[in-house]
Amino acid sequence: MIKNSVKLFFSKIKLKNILMLTVAGMINAFGITVFLAPVNLYDSGISGTSMLLGQVTPEYLTLSIFLIVLNLPLFIYGLKKQGKLFTLYAIYTVVIYSVSAWLITDVIPIDVATKSPLAGEDLILCALFGGVISGIGSGLAVRFGGAMDGIEVMAVIFAKRLGITVGTFVMIYNVVLYVIAGIVMGSWILPLYSIVTYYAGLKTIDFIVEGLDRSKAAMIVTTLPDEVCTELSREFECGATRIEATGSYSGEARTIVYFVVNRFQIGKMKAIVREIDRKAYITITEVADVFRANR
């Protein structure tokens, strides 16, 4: 039984996703180590926290170490909510990110100690290009089933409990991070430029994955509603709503399955529906908030 479960799990791992997550981790590492870290600008989330800790701790405690040490517990904590496959993809992406950052800073003969090899000491160029490039990496990670930063996973889990959106949760964390960075470093110039980095990265991720901080509502028109609802409920451990409808053109009876997912789960939801009913019609819209009326 266990052997079959393990075999089934590994059969879900796609080579394309692994390759793209590898690329995503390398791209993110390039943006951080070549543009941001040399001029002491900060990324957002756990990545930014790791950069700050790498600056104020002994030299042997590097960015690469903190990326793994801080991210792994968060991904493992979110295992039940996000699923085994997502957790595996996310951990793999962070490991690639960490190893790539180490290779750039300590192995490859590129001087990134005091200035960017490409943008020099120009803070605005470093902030913009660092934000956009790291945003591309993070966006690709999300698009192919993983994540680059554990704080987003925590946001998905805790934001609704706190009555705020995922985006607000991440924003509050980053504001606190930049305030602490300003206090620790004794200067507000670099944290303020880091906000430019955060905004550039945010918009880049938004462009790649079509939405950062909102849940997604899927309207699935299918002739196999029982099978679709059963499989979605089993995979995501939540219910789906069935709406009976009639096709305007054909006049035939149809069922619309209404299902709400977070942005990490869209790819899995699409794959499940297509495997059951290849003729299913799916529309996805943003949801500003999800709550129960009795809460």
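Residues numbered from 1 in each chain as written. Predicted model: local features only at pLDDT ≥ 70, side-chain atom pairs only at ≥ 80, totals over all residues. Heavy atoms only, no water.

Between side chains of opposite charge, pairing is possible as soon as their charged atoms come close. For the coordinates displayed, the defined rule picks out 4 salt bridges. The salt bridge partner of Arg 234 is Glu 231, with a shortest N-O separation of 2.6 Å. You can see Arg 234 and its partner Glu 231 sitting in helix α11 (residues 225–236), 3 residues apart, about one turn around the helix. Here Arg 242 and Glu 244 are joined by a salt bridge, their closest N and O atoms 3.7 Å apart. Owing to a relative accessible area of 39%, Arg 242 belongs among the partly exposed residues under this scheme. (Salt bridge = Lys/Arg side-chain N within 4 Å of Asp/Glu carboxyl O. Helix = DSSP H or I, 4+ residues; strand = E, 2+ residues; numbered from the N terminus. Buried < 20%, exposed > 50% of the residue type's maximum accessible area, 1.4 Å probe, protein only.)

Quick look at the nonpolar core now. Across soluble globular proteins, nonpolar side chains have a tendency to be buried as a group. One finds Leu 41 and Met 154 to be the most contacted residues of the largest nonpolar core, which totals 51 residues. Per-element tally for this core: the top contributor is helix α6 (residues 84–107), with 8 residues. Those residues in contact with Met 154 that sit more than four places away from it in its chain are Leu 74, Tyr 77, Gly 78, Ala 159 and Phe 169. With 14 residues, the next largest nonpolar core counts Ile 220, Leu 232, Val 261 and Ala 280 among its residues. (Core = buried A, V, L, I, M, F, W, Y, C linked by side-chain atoms within 4.5 Å. Contact = heavy atoms within 4.5 Å.)

With 6 of 8 residues buried, strand β1 (residues 215–222) is to be regarded as a mostly interior element. In this sheet, strand β4 (residues 281–287) lies alongside β1 in antiparallel orientation, the contact comprising 7 bridges. Bridge pairing in β4 places Met 219 opposite Thr 283. Two elements, β1 and strand β3 (residues 253–261), share 7 bridges in a ladder whose sense is antiparallel. In the strand pairing of β3, Thr 222 is matched with Thr 255. (Pairing = 2+ DSSP bridges.)

Applying the stated criterion to the full structure yields 3 aromatic pairs. Arranged with centres 5.9 Å apart and planes meeting at 20 degrees, the rings of Phe 35 and Phe 129 form a pair that is stacked. With Phe 35 in helix α2 (residues 15–36) and Phe 129 in helix α7 (residues 123–143), the pair connects residues that are 94 residues apart, well separated along the chain. Its relative accessible area of 5% is what places Phe 35 among the buried residues. For Phe 129, a relative accessible area of 46% translates into the label partly exposed. Relative to Phe 259, the ring of Phe 236 lies with its centre 5.5 Å away and its plane at 50 degrees, an arrangement referred to as tilted. In this pair, Phe 236 is assigned in helix α11 and Phe 259 in strand β3, connecting sequence segments 23 residues apart. Phe 259 gets classed as buried once you look at its relative accessible area, which sits at 1%. (Phe/Tyr/Trp six-rings, centres within 6.5 Å; stacked < 30°, edge-to-face > 60°.)

Sheet architecture is open: 4 strands sit in the order β2-β3-β1-β4, paired in antiparallel fashion. Among the strands making up the open sheet, the edge pair consists of β2 (241–246) and β4. The average undirected angle you get between the axes of adjacent strands in this sheet is 25 degrees. (Axes fitted to C-alpha atoms, helices over the stretch in contact; angles between N-to-C directions.)

On to the state of the cysteines, then. All told, the structure shown has 0 disulfides when counted by the stated rule. For Cys 238, which is in no disulfide, the shortest distance to another cysteine sulfur is to Cys 229 and amounts to 11 Å. (Disulfide = S-S within 2.5 Å.)

Another point: the side chain of Ser 64. With respect to the element layout, Ser 64 can be found in helix α4 (residues 63–77). Using a relative accessible area of 9% as the deciding quantity, one classes Ser 64 as buried. Among all residues touching Ser 64, those that are not within four sequence positions of it are Ser 98, Ala 101 and Trp 102.

This part is about the packing of α2 against α6. Helices that pack against each other are described as a pair by the angle of their axes relative to one another and the distance between those axes. Running from N to C, α2 and α6 cross one another at 40 degrees; their axes reach a closest spacing of 8 Å. The angle between α2 and α6 falls in the class oblique. As α2 packs across α6, the resulting crossing turns out to be right-handed. Of the residues in α6, those in contact with Asn 17, Ile 18, Leu 21, Thr 22, Gly 25, Met 26, Asn 28, Ala 29, Phe 30, Ile 32, Thr 33 and Val 34 of α2 are Tyr 89, Tyr 92, Thr 93, Ile 96, Tyr 97, Ser 100, Ala 101, Ile 104 and Thr 105. Partitioned by chemical class, the residues of the contact of α2 with α6 number 13 nonpolar, 8 polar and no charged. (Parallel < 35°, antiparallel > 145°, perpendicular 65-115°, else oblique. Left-handed = near helix turned anticlockwise from the far one by under 90°. Nonpolar A, V, L, I, M, F, W, Y, C, P; charged D, E, K, R; others polar.)

Without other data, these values stay purely geometric and don't point to any function.
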